[in-house]
Amino acid sequence: MHAVRFHEHGGLDVLKYEEAPQPQIEANEVLVKVKACALNHLDIWLRQGAGDWKLPLPHIVGSDISGEVAEVGSHVKRVKAGERVLLCPGISCGQCEMCFRGLDSACRSYTLFGVFVDGGYAQYVKSPEVNVLHLPGDLSFDEAAAVPLVFLTAWHMLFTRAQLKPGEDVLVIGAGSGVGSAAIQIAKSAGARVIATAGGDWKLEKAKALGADEVINHRQQSIAEEVRRITGKRGVDVIVEHVGAAVWEECFNSLATYGRLVTCGVTSGGEVKLNVQGLFGRQRAILGSFMGGKGELLEALKLIARRKLRAVIDSTFPLEEAAAAQRKMESREFFGKILLHP
Ligand SMILES: [Zn+2]
C-alpha cells in the first residue's frame, strides 16, 4: 500500500510518501480502507520527536480516521466488509478500573492511532473491533474524520472535567483550532454564553457563525480586559485552553470566582507562572484534560448525526501532499480540520 512514513524525527522533509506493508489483522481486528484522515498537532509533535516517546520507526501517524471496512478477523461480529466506519482514536485495554469507569484515556495502556500503533496517513489501517464505529446518519467520510479527536477532547474538557452548567460563561481560546471549533459548538449547545478568541478577524467571523456570542482578537486586544468588559468585571466560569504559555496569565486573570481553567495542550510552551493567592483566594481550579472516553465520543456523535454539532473542515490534501498539509497547520492560517485523502 501507499503510506506517508518517517524513518527518523525531524522537519517536514522526513515525511516520505512510499510503499509500506499492508497491515495484517488478528482475529479480533478490522482492516479499514482509509477514505479520510484528519491532521492533529499531535502528528507534528510525533514527527518532530517531541516528548520522550520511543516510537516504532518507520512510523505512520494519523489519529482521526474514516473509511470502508476491507476485511474482518474471524472473531469480529459487529462490522462487515464494505461498511462505512470511523475509528475511535483512543485504544485502551478495556478491562481495567479506569476503562470500566469510562475514563479510557487514564488507562495505563492507553494509546492512539498514530502513536504507538500505525495511523491513518496510509491507504489501509488496522483496528481492534471495539474501536470501529458505524458512520452515524448521512455523515460523509470527510465529516466523520474531522470529528473524533477534537470533539471527544472538547466534550471531556467541558463536561467531565469542568462540569459546565447551562447559563455559565465559557471562554474558548483559539477558535480556529479543531478543539476550539468543537468547544464553541458544544458549550453553546449546552446553554452557555460563549466568548471565543482568535488571531484574525476572518477567524472571528467563522467563530460567530459557529455560535460564539462574543469574540476577541487576541493579537490586537487583551483577553483579560475584554472578558472583564463583556462579563461586567465578573470573569468567566470556564476556560477551554490548549495554547499554554502565550495566553496563560491572560486566561488566569479572566477566571471568575469558582472559575475552572481546563487545559489540554501547550502549543506555545508549557512553563507558566501561577499566582497561588489568586488561585485559593478566588477558589479557582486548574484542570488538566487528556483526550476522553469512547462513551463521550458516542454522546457527541449523537448530536453530530442530528446536525446539532457539525464537523468543521478547512481543507483537504491528497495523501502524497501530507507535508504541505502539515505546513498549513504549522502556519496557523486555517480554521477547523485539515484532511488527507489516500
Ligand atoms: Zn484499561
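Rules of the game
- Residues numbered from 1 in each chain as written.
- Predicted model: local features only at pLDDT ≥ 70, side-chain atom pairs only at ≥ 80, totals over all residues.
- Heavy atoms only, no water.
- Donors = N, O, S within 2.8 Å, 3.2 Å for Na, K, Ca; no water.
- Tetrahedral: all angles 85-135°; square planar, octahedral: opposite > 155°, others 65-115°.
- Core = buried A, V, L, I, M, F, W, Y, C linked by side-chain atoms within 4.5 Å.
- Buried < 20%, exposed > 50% of the residue type's maximum accessible area, 1.4 Å probe, protein only.
- Helix = DSSP H or I, 4+ residues; strand = E, 2+ residues; numbered from the N terminus.
- Contact = heavy atoms within 4.5 Å.
- Pairing = 2+ DSSP bridges.
- Axes fitted to C-alpha atoms, helices over the stretch in contact; angles between N-to-C directions.
- Parallel < 35°, antiparallel > 145°, perpendicular 65-115°, else oblique.
- Nonpolar A, V, L, I, M, F, W, Y, C, P; charged D, E, K, R; others polar.
- Phe/Tyr/Trp six-rings, centres within 6.5 Å; stacked < 30°, edge-to-face > 60°.

Colleague: Hey, could you go over the coordination of the zinc ion for me, with residue numbers and the actual values?
Modeller: Within the protein, Cys-93 (SG), Cys-96 (SG), Cys-99 (SG) and Cys-107 (SG) serve as the donor atoms for the zinc ion, at 2.3 to 2.4 Å. Taken together, the 4 donor atoms coordinating the zinc ion span angles of 105 to 116 degrees at the metal, a pattern that classifies the geometry as tetrahedral.

Colleague: Could you give an account of the nonpolar core, with specific residues and numbers?
Modeller: Core analysis: the largest hydrophobic core is formed by 101 residues, its most contacted members being Tyr-121, Phe-151, Leu-158, Val-170 and Ile-184. With 8 residues, helix H4 (residues 148-161) is the largest single contributor of residues to this core. Once residues within four sequence positions are removed from consideration, Leu-158 is found in contact with Gln-163, Leu-164, Val-170, Ala-183, Ile-186, Ala-187, Val-238 and Val-240. The next biggest cluster of nonpolar side chains, apart from the first, holds 16 residues, and it includes Ile-173, Ile-195, Ile-230 and Trp-248.

Colleague: Can you lay out the pairing of strand E3 (residues 29-38) for me, pointing to particular residues and giving the numbers?
Modeller: Counted residue by residue, E3 has 8 buried out of 10 residues, so it is predominantly covered. Of the pairings in the sheet, the one linking E3 to strand E4 (residues 64-72) comprises 8 bridges and is antiparallel in character. If you follow Cys-37 over to E4, its bridge partner there is Ile-65. By the bridge criterion, 2 bridges tie E3 to strand E17 (residues 337-341) in an arrangement that is antiparallel. In the strand pairing of E17, Ala-38 is matched with Leu-339.

Colleague: Describe the packing of H4 against helix H10 (residues 294-305), with residues and values.
Modeller: Orientation of H4 relative to H10, taken along the N-to-C sense of each, is 110 degrees, at an axis distance of 9 Å. When the interaxial angle is binned, H4 and H10 end up roughly perpendicular. In this structure, H4 contributes Pro-148, Phe-151, Leu-152, Trp-155, His-156 and Thr-160 to the contact, and H10 contributes Glu-296, Leu-297, Glu-299, Ala-300, Leu-303 and Ile-304. Looking at side-chain class alone, the contact of H4 with H10 contains 8 nonpolar, 2 polar and 2 charged residues.

Colleague: Run through the packing of aromatic side chains, naming residues and quoting values.
Modeller: Considering all chains together, one arrives at 3 aromatic pairs under this definition. Ring centres of Trp-53 and Phe-116 lie 6.0 Å apart, and the angle between their planes is 50 degrees; on these two criteria the pair is classed as tilted. Within this pair, whereas Trp-53 is found in the loop between helix H1 (41-48) and E4, its partner Phe-116 is found in the loop between strand E7 (111-112) and strand E8 (124-128), the two being separated by 63 residues in sequence. Classification of Trp-53 as partly exposed rests on a relative accessible area of 42%. According to the relative accessible area criterion, Phe-116 is partly exposed, its value standing at 39%. Arranged with centres 4.8 Å apart and planes meeting at 75 degrees, the rings of Trp-155 and Phe-159 form a pair that is edge-to-face. Of this pair, Trp-155 and Phe-159 both sit in helix H4, 4 residues apart, which is roughly one turn of the helix.

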